[in-house]
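Descriptive analysis of the structure
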Amino acid sequence: MTDVQAEVIEGLVLCRVGEDRLAVRAREISSFDVPHAGARYAGEGFSPQARAPAEARLLRHHDTALVVDTVEVHSERLTLLSVPAVLVRAWGGALCGFVEAGGLLWPVISLERFAQGPEVVS
């Protein structure tokens, strides 16, 4: 039996999207910006019909842009929990694990994988 070492990550951006949450590794974000027309909004399972609030923030990773409602930088070290097999293909494979922060479970997504076109989740 092999001993699988859990990955510990440091530097996350915790994002709120309505009542939902998601996290992105800080190293994957090249800038925060004001959303522009056409930028993909993470609300309602990435639905194209979802509309971001006026105070939303845009996360940028090179040419990839994702709009969320709020952002908070979390610098503590956290254990990255694995993705259950049933969710491996969620969001086009952009889901890379979960972390517990502030007593809540946060899905961690990869903006790089997200750029490859996540499936719409409802």
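Residues numbered from 1 in each chain as written. Predicted model: local features only at pLDDT ≥ 70, side-chain atom pairs only at ≥ 80, totals over all residues. Heavy atoms only, no water.

When a protein is soluble and globular, its nonpolar side chains tend to lie buried together. Leu 66 and Ile 109 are the most contacted members of the largest nonpolar core, which totals 27 residues. For this core, the secondary-structure elements that each account for two or more residues are strand E1 (7–17), strand E2 (20–25), strand E5 (57–61), strand E6 (64–68), strand E8 (95–101) and helix H2 (111–114). No other element matches E6, which puts 4 residues into this core. The residues touching Ile 109, leaving out its near neighbours within four places in the chain, are Leu 22, Ala 23, Val 24, Glu 28, Leu 66, Trp 91, Ala 94, Leu 95 and Cys 96. In terms of nonpolar packing, the next biggest core, distinct from the first, is built from 11 residues, Ala 23, Leu 78, Val 99 and Val 108 among them. (Core = buried A, V, L, I, M, F, W, Y, C linked by side-chain atoms within 4.5 Å. Buried < 20%, exposed > 50% of the residue type's maximum accessible area, 1.4 Å probe, protein only. Helix = DSSP H or I, 4+ residues; strand = E, 2+ residues; numbered from the N terminus. Contact = heavy atoms within 4.5 Å.)

Now for the packing of aromatic side chains. Counted according to the given criterion, the structure contains 0 aromatic pairs. The residue whose ring lies beneath Arg 21 is Trp 106, and the NZ or CZ to ring-centre distance is 5.7 Å. (Phe/Tyr/Trp six-rings, centres within 6.5 Å; stacked < 30°, edge-to-face > 60°. Lys NZ or Arg CZ within 6 Å of the ring centre and 35° of its normal.)

Residues Phe 32, Val 71 and Val 73 make up a contiguous nonpolar surface patch of about 250 Å² in total accessible area. Along the chain, the position of Val 73 falls in strand E7 (residues 70–80). For Val 73, a relative accessible area of 59% translates into the label exposed. (Patch = residues over 30% accessible without salt bridge, like charges linked within 9 Å, V, L, I, M, F, W, Y side chains within 5 Å. Areas by Shrake-Rupley, 256 points an atom, 1.4 Å probe, with all protein chains shown as cover. Salt bridge = Lys/Arg side-chain N within 4 Å of Asp/Glu carboxyl O.)

Taking strand neighbours across the sheet as the criterion, the 5 strands line up as E7-E1-E2-E9-E8 in an open arrangement whose pairing is mixed. Strands at the two margins of the open sheet, each flanked by one partner only, are E7 and E8. When strand polarity is set aside, the average angle formed by the axes of neighbouring strands in this sheet is 35 degrees. The pairing of E1 with E2 spans 6 bridges and is classified as antiparallel. The partner of Leu 12 across the bridge, within E2, is Arg 25. (Pairing = 2+ DSSP bridges. Axes fitted to C-alpha atoms, helices over the stretch in contact; angles between N-to-C directions.)

Further remarks concern the pairing of E6. Along E6, 5 of the 5 residues are buried, which leaves the element largely enclosed by surrounding structure. Sheet topology places strand E4 (residues 40–41) next to E6; 2 bridges connect them, and they run parallel. Its bridge partner lying in E6, Arg 40 is registered against Leu 66. Here E5 folds back onto E6, and the loop between the two strands holds 2 residues, one of which, His 62, carries a positive phi near 55 degrees.

This model, assessed by the stated rule, comprises 1 salt bridge. For Arg 25, the salt bridge goes to Glu 7, with nearest N and O atoms at 3.0 Å. Within this pair, whereas Arg 25 is found in strand E2, its partner Glu 7 is found in strand E1, the two being separated by 18 residues in sequence. Here Arg 25 falls in the buried class, since its relative accessible area comes to 9%.

So, on to the sheet that holds E4. Across the sheet, 4 strands lie side by side as E3-E5-E6-E4; this open sheet has mixed pairing. The open sheet has two edge strands with one neighbour each: strand E3 (31–33) and E4. Inspection of the sheet shows E5 paired to E6 by 5 bridges, in the antiparallel sense. By the bridge assignment, Leu 59 is partnered in E6 with Leu 66.

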